[in-house]
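Commentary on secondary and tertiary structure
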Amino acid sequence: ASTVHLFMNSLKKLHTEWSPTNVYIAWDSKLIRDDTSFRKGNEDYKSNRDPEHAEKVYEHEQTIRNVCKTLGVCNIHPGVLEADDVMYYLTNRLTSDNVVISSDHDLLQTVSVNTCVHNPMSKVTYSLENFATLLPVSVDLFIHYKALIGDKSDNIGGIRGAGLKTLKKFCPQFSG
């Protein structure tokens, strides 16, 4: 169970670094793909991901969840929503200072006055203060930018030719 050990060491390190009062972990493993989900209707959505890797990731999930629960961590299973949808919801409802720990760039849309996003892989923390210096657009345009350029990690194509240069040319709001 070296995976459990690695996960707990990462959690301990992040806890030491951020000193949170509450910790939430959202798990996608019990995701219910119902008929109303746009994800069900899009066969290409995340089809580029390795299913064997996903199995390995969730192999020790129950043990990790049990240990986390013992430590007071709140495990959340979103149902028909994906984990990032739930994290976005929480950051908009929790009035305290929030730190989202994720390497998923989709979660950069949660950056706000009381929420920053820390990428543990790149060791970069995104906040309102540094967002526009780290990314090609401001936080208020980020979700529009992602919708236009697409998201390779989720296998969602954007508008063909809609790179930053083209967006700046045709959409004045992207010119900074």
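Preceding block: the structure.
To keep things clear, this report deals only with the structure shown in the data block. As the structure is a computational prediction, the values presented were derived from the model and not from experiment.

Attention now goes to helix α5 (residues 83-93). For α5, the set of buried residues is Ala-83, Asp-84, Val-86, Met-87, Leu-90 and Thr-91. When α5 is viewed along its axis, its buried side chains cluster within an angular range of 155 degrees and face the same direction.

Judged by pairing direction, the sheet is mixed, and its 3 strands sit side by side in the order β3-β4-β5 without closing on themselves. Sheet topology places β3 (98-101) and β5 (124-126) at the edges, where each strand pairs with a single neighbour. With strand direction ignored, the average angle separating the axes of adjacent strands in the sheet is 25 degrees. When strand β4 (residues 115-119) meets β5, the two strands line up antiparallel, connected through 3 bridges. Residue pairing for β5: Val-117 is matched across the bridge by Tyr-126. Helix-sheet contacts for helix α1 (residues 2-18) involve β3, β4 and β5, and the interaxial angle to β4 is about 140 degrees.

Mapped onto the fold, Ser-127 is located in the loop between β5 and α6 (131-134). Judged by its relative accessible area of 16%, Ser-127 is buried. Those residues in contact with Ser-127 that lie beyond four places of it in its chain are Val-111 and Cys-116.

On β3, burial follows the alternation: Asn-98 and Val-100 on one face are buried, whereas Val-99 and Ile-101 on the facing-out side are not. By the bridge criterion, 4 bridges tie β3 to β4 in an arrangement that is parallel. Looking across to β4, one finds that Asn-98 is bridged to Thr-115.

Glancing now at α1. Between the first and last C-alpha of α1 there are 24 Å, a value that for 17 residues agrees with the 24 Å anticipated at 1.5 Å per step. Those residues of α1 that fall on the buried side of the exposure criterion are Val-4, Met-8, Leu-11 and Leu-14. All buried residues of α1 project into a common sector of 125 degrees when viewed along the axis, lining one side. Of the exposed residues in α1, those oriented more than 90 degrees away from the buried face are Ser-2, His-5, Leu-6, Lys-12 and Thr-16. Along its buried surface, α1 packs onto α4 (61-70), β3 and β4. Looking one or two residues beyond α1, the residue adopting positive phi is Ser-19, at roughly 50 degrees.

It is worth spelling out the packing of α1 against α4 at this point. Between α1 and α4, the least distance of the axes is 10 Å, while the angle of their chain directions is 35 degrees. The hand of the α1/α4 crossing is right-handed. Residues Val-4, Phe-7, Met-8 and Leu-11 of α1 touch α4, and the partners they reach there are Thr-63, Ile-64, Val-67 and Cys-68. Considered class by class, the residues forming the contact of α1 with α4 number 7 nonpolar, 1 polar and no charged.

We now examine the pattern of salt bridges. Considering all chains together, one arrives at 1 salt bridge under this definition. For Arg-65, the salt bridge goes to Glu-61, with nearest N and O atoms at 3.2 Å. With a gap of 4 residues between them, Arg-65 and Glu-61 both fall in helix α4, about one helical turn apart. The class of Arg-65 is buried, set by a relative accessible area of 12%. Glu-61 gets classed as buried once you look at its relative accessible area, which sits at 5%.

About the thresholds
- Numbers given to residues run from 1 along each chain, matching the order in which its sequence is written.
- Note on the predicted model: pLDDT of at least 70 is required for a residue's local features to be given, and 80 or more for side-chain atom pairs to be given and counted; whole-chain, interface and lining totals, by contrast, use all residues.
- Hydrogen atoms and water are omitted, and side-chain values are computed over all heavy atoms in the structure.
- Relative accessibility thresholds used throughout: buried, under 20% of the residue-type maximum; exposed, over 50%; partly exposed, between the two (1.4 Å probe, protein chains only).
- A run of DSSP states H or I qualifies as a helix once it reaches four residues; a run of E qualifies as a strand once it reaches two. Both are numbered from the N-terminal end.
- For this quantity, the arc is that covered by the directions from the helix axis to the C-beta atoms.
- At least two bridges found by DSSP between two strands are what make those strands a pair.
- The convention used is that axes are lines fitted to C-alpha atoms, helices contributing only their stretch in contact, and that angles between N-to-C directions extend from 0 to 180 degrees.
- Working rule for contacts: check all heavy atoms of both residues, and any pair within 4.5 Å makes them a contact.
- To estimate the expected span of a helix, subtract one from its residue number and multiply by 1.5 Å.
- The sense of a crossing depends on the near helix, which, turned anticlockwise from the far helix by less than a right angle, makes the crossing left-handed and, turned clockwise, makes it right-handed.
- Just so you know the grouping, Ala, Val, Leu, Ile, Met, Phe, Trp, Tyr, Cys and Pro go in nonpolar, Asp, Glu, Lys and Arg go in charged, and all remaining residues, Gly too, go in polar.
- Whenever a carboxyl oxygen of Asp or Glu lies within 4 Å of a side-chain nitrogen of Lys or Arg, that contact is scored as a salt bridge.

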